[in-house]
Amino acid sequence: QAQFVESGGALVQPGGSLRLSCAASGSIFSIYAMGWYRQAPGSQRELVAHITNTGSTNYVDSVKRRFIISRDNVKNTVYLQMSSLKPEDTAVYYCNRFPPAGLNSWGQGTQVTVSS
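Just so you know, these numbers come straight off a predicted model, no measurement behind them.

*Asks:* Any chance you could explain the pattern of salt bridges here in plain terms?
*Replies:* Opposite charge on two side chains makes pairing possible when the charged atoms of those side chains draw close. A full pass over the atoms with the stated rule returns 4 salt bridges. For the salt bridge of R38 with E46, the shortest nitrogen-to-oxygen distance reads 2.7 Å. Classification of R38 as buried rests on a relative accessible area of 7%. Two residues, R38 and D89, come together in a salt bridge whose shortest N-O distance is 3.0 Å. Linking R38 in strand β4 (residues 34–39) with D89 in the loop between β8 (77–82) and β9 (91–97), this pair joins segments that are 51 residues apart in sequence. Like R38, the residue D89 is buried in the burial classification. Because the salt bridges share partners, they merge into one network encompassing R38, E46, R66 and D89.

*Asks:* Please explain the nonpolar core as it appears in this structure.
*Replies:* Proteins that are soluble and globular tend to have nonpolar side chains buried together. Grouped together as the largest cluster of nonpolar side chains are 26 residues, with contacts concentrated most on W36, F67, I69, V78, L80, M82 and Y93. Ranked by the residues each element gives to this core, the list is headed by strand β3 (residues 18–25), at 4 residues. In this structure, I69 is in contact with M34, G35, W36, A49, H50, I51, T57, Y59, V78, Y79 and L80, ignoring residues within four places of it in sequence.

*Asks:* Where do I start with unusual backbone geometry in this structure?
*Replies:* The bulk of non-glycine residues show a negative phi, and the bulk of peptide bonds are trans. The amide bond that connects F98 to the next residue, P99, takes the cis arrangement and shows omega of -5°. Mapped onto the fold, P99 is located in the loop between β9 and β10 (110–114). One non-glycine residue, R65, lies in the positive phi region at around 70°. Within the fold, R65 resides in the loop between β6 (57–59) and β7 (67–72). In this structure, N76 takes a positive phi of about 55° despite not being glycine. Note that N76 resides in the loop between β7 and β8.

*Asks:* Before we go on, may I ask you to explain the environment of G102 in this structure?
*Replies:* With respect to the secondary-structure elements, G102 resides in the loop between β9 and β10. For G102, a relative accessible area of 29% puts it in the partly exposed group. For the pair formed by G102 and A2, sequence separation is 100 residues and the distance between their alpha carbons is 8.9 Å.

*Asks:* Would you mind going over the packing of aromatic side chains with me for this structure?
*Replies:* Two aromatic rings, taken as a pair, are described by how far apart their centres are and by the angle between their planes. Scanning the model with the defined rule gives 2 aromatic pairs in all. Ring centres 5.0 Å apart and planes at 85° place the aromatic pair Y37 and W106 in the edge-to-face group. Here Y37 is found in strand β4, whereas its partner W106 is found in the loop between β9 and β10, with 69 residues between them in sequence. Using a relative accessible area of 6% as the deciding quantity, one classes Y37 as buried. Of the aromatic side chains, those joined through ring pairs into one cluster are Y37, Y94 and W106.

Each value, and the rule that gives it
- Residues numbered from 1 in each chain as written.
- Predicted model: local features only at pLDDT ≥ 70, side-chain atom pairs only at ≥ 80, totals over all residues.
- Heavy atoms only, no water.
- Salt bridge = Lys/Arg side-chain N within 4 Å of Asp/Glu carboxyl O.
- Buried < 20%, exposed > 50% of the residue type's maximum accessible area, 1.4 Å probe, protein only.
- Helix = DSSP H or I, 4+ residues; strand = E, 2+ residues; numbered from the N terminus.
- Core = buried A, V, L, I, M, F, W, Y, C linked by side-chain atoms within 4.5 Å.
- Contact = heavy atoms within 4.5 Å.
- Phe/Tyr/Trp six-rings, centres within 6.5 Å; stacked < 30°, edge-to-face > 60°.

Encoded structure:
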């Protein structure tokens, strides 16, 4: 069963940057598209960005030109470089396959808080 461990979240000021990492295990990482998702308080989890197994990327409009998703198929890791952060980016960030591997595949996530 696929498992994901997210890290790198922190409290950051508006305009700041963070790099999130996600270590994947339990499956052949390189054949799957991967995604970063986020869930803000009182909101449903949403897809932020995804990357195919060949490296093509796509982003939700609200993060375009600010976030970059990348992957390292040797390290079984997917990254999310976030810049020009805004308070509305505050959320718990998760990674998973795209589409998600299943209800039981979600990790603990990593908290990103953007506040002055």
